[in-house]
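# Examination of the molecular architecture
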Amino acid sequence: MTSIFDRDCRRCPRLAGFLDDVKTKYPDYYCGPVPPFGDPEARFLIVGLAPGMHGANRTGRPFTGDHAGILLYRMLNAFGFSTADESVAADDALRLIDSRITNAVKCLPPQNKPVGAEINTCNEFLAAELAALQPGSVVLALGGIAHQAVVRALGARQADHKFGHAAEHNLDARFVLLDSYHCSRYNTNTRRLTTTMFEDVFRRARELVRQS
Ligand code: SF4
């Protein structure tokens, strides 16, 4: 069975080459596949798109060190899934409680845009991670690409499971898939995703995890 992560993976040549270039420019940055972060036994799994240049790619922890993580970690804390409401660095004291964060694509893509082949290649890791979830779990997909990656990992038909903010999908016996717009700076600044909208999604996730 595939492991859920490989720190030395270079299966996507474009991304591996890009990370080499970024490492030359920013020698202090992590610049590698970013591992999932949180409780390995978690019943709440959050799936983002890919590491951000100056966030996870710098710190080595998902959604840590840039704007995209601000609202996410605030929500995790507000709904009892973390010990702090801010994620500063990979070695800070923050711990996730019954929750884990991963990305559909583990390496930083140029312009934050992985190509289809990269999403598909990395999907093996996501599939292994989903396969390890215990019954009664909740998977929260942040954005359409993360949603599609989850659907793909399960071998389900995309046409039968369309992304929609706050939509819920029962496509696996082990978990409910919940969708949200991504908590990116762009989406929060344009109010495509408001704090209230994100709160509602987290409230629902909390409810589903509690019911299990
Ligand atoms: S994106 Fe995933 S599959 Fe591609 S090189 Fe990085 S870890 Fe490997």
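The text that follows walks through the structure, step by step, so that each part is easy to find. On a predicted model such as this, the values are computed, not experimentally measured, just so you know.

### Let's talk about the packing of aromatic side chains
Two aromatic rings, taken as a pair, are described by how far apart their centres are and by the angle between their planes. The final tally for this structure, using the stated rule, is six aromatic pairs. Ring geometry for Phe163 against Tyr181: centres 6.0 Å apart, planes inclined by 50 degrees, an arrangement best described as tilted. Of this pair, Phe163 sits in the loop between α5 (144-153) and β5 (168-172) while Tyr181 is found in the loop between β6 (175-180) and α6 (185-189), placing the two residues 18 residues apart along the sequence. Overall, the relative accessible area of 26% leaves Phe163 in the partly exposed class. Between Phe198 and Phe202 the ring centres are 5.1 Å apart and the planes differ by 75 degrees, which places this aromatic pair in the edge-to-face class. With Phe198 and Phe202 both in helix α7 (residues 195-211) and four residues apart, this pair spans about one turn of that helix. Three or more aromatic residues joined by ring pairs make a cluster, and in this case those are Phe44, Phe79, Phe81, Phe198 and Phe202. Here Arg7 stacks its cationic end above the ring of Tyr30, 4.2 Å away from the centre of that ring. The aromatic ring of Tyr181 is capped on one face by Arg192, whose charged end is 4.2 Å from the ring centroid.

### Quick look at the pairing of strand β3 (residues 99-103)
Across the five residues that make up β3, a large majority, five, are buried. Burial along β3 is two-sided: the face carrying Ser99, Ile101 and Asn103 and the face carrying Arg100 and Thr102 are both buried. Taken together, the two bridges between strand β1 (residues 37-38) and β3 define a ladder with antiparallel strand orientation. Pairing of Phe37 across the sheet is with Ile101, part of β3.

### Quick word on the sheet that holds strand β2 (residues 44-48)
Pairing is mixed across the open sheet formed by six strands, whose spatial order is β1-β3-β2-β4-β6-β5. Each having just a single partner strand, β1 and β5 make up the two edges of the open sheet. As judged from the three bridges shared by β5 and β6, these two strands associate in the antiparallel manner. Within the sheet, the bridge partner assigned to Asp172 lies in β6 and is Phe175. Taken strand by strand, helix α3 (residues 68-78) contacts β1, β2 and β3, and its axis lies near 160 degrees from that of β3.

### What about unusual backbone geometry?
A positive phi angle, near 55 degrees, is found at Gln111, a position not held by glycine. By the secondary structure assignment, Gln111 is in the loop between β3 and α4 (116-131). Given a relative accessible area of 67%, Gln111 falls into the exposed group. Positive phi, normally seen in glycine, also occurs at Asn112, with a value near 60 degrees. Here Asn112 lies in the loop between β3 and α4. Residue Asn112 is classed as partly exposed on the basis of its relative accessible area, which comes to 46%.

### A look at the nonpolar core
Nonpolar side chains in soluble globular proteins tend to be buried together. Counting 29 residues, the largest nonpolar core has Val47, Leu130, Val139, Val150, Phe175 and Leu177 as the members making the most contacts within it. Elements supplying a minimum of two residues to this core: α1 (13-25), β2, α4, β4 (137-142), α5 and β6. Per-element tally for this core: the top contributor is α5, with five residues. With near-sequence residues (within four places) excluded, Val139 lies in contact with Leu45, Val47, Leu130, Leu133, Val150, Phe175, Val176, Leu177 and Leu178. With 28 residues, the next largest nonpolar core counts Phe63, Phe81, Val176 and Leu208 among its residues.

### Remarks on the site of the ligand
In the region of the ligand, the neighbouring residues are Cys9, Arg10, Arg11, Cys12, Leu15, Pro33, Val105, Lys106, Cys107, Thr121, Cys122 and Phe125. Placement of the ligand is best described as lying within the second largest pocket. Partitioned by chemical class, the residues of the shell around the ligand number eight nonpolar, one polar and three charged.

Quick notes on the rules
Residues numbered from 1 in each chain as written. Predicted model: local features only at pLDDT ≥ 70, side-chain atom pairs only at ≥ 80, totals over all residues. Heavy atoms only, no water. Phe/Tyr/Trp six-rings, centres within 6.5 Å; stacked < 30°, edge-to-face > 60°. Helix = DSSP H or I, 4+ residues; strand = E, 2+ residues; numbered from the N terminus. Buried < 20%, exposed > 50% of the residue type's maximum accessible area, 1.4 Å probe, protein only. Lys NZ or Arg CZ within 6 Å of the ring centre and 35° of its normal. Pairing = 2+ DSSP bridges. Contact = heavy atoms within 4.5 Å. Axes fitted to C-alpha atoms, helices over the stretch in contact; angles between N-to-C directions. Core = buried A, V, L, I, M, F, W, Y, C linked by side-chain atoms within 4.5 Å. Near = heavy atom within 4 Å. 1 Å grid on protein atoms, 1.4 Å probe; cavity = no way out; pocket = protein on both sides within 12 Å on 5 of 7 lines; lining within 4 Å. Sits in = over half its atoms within 2 Å of the grid points. Nonpolar A, V, L, I, M, F, W, Y, C, P; charged D, E, K, R; others polar.

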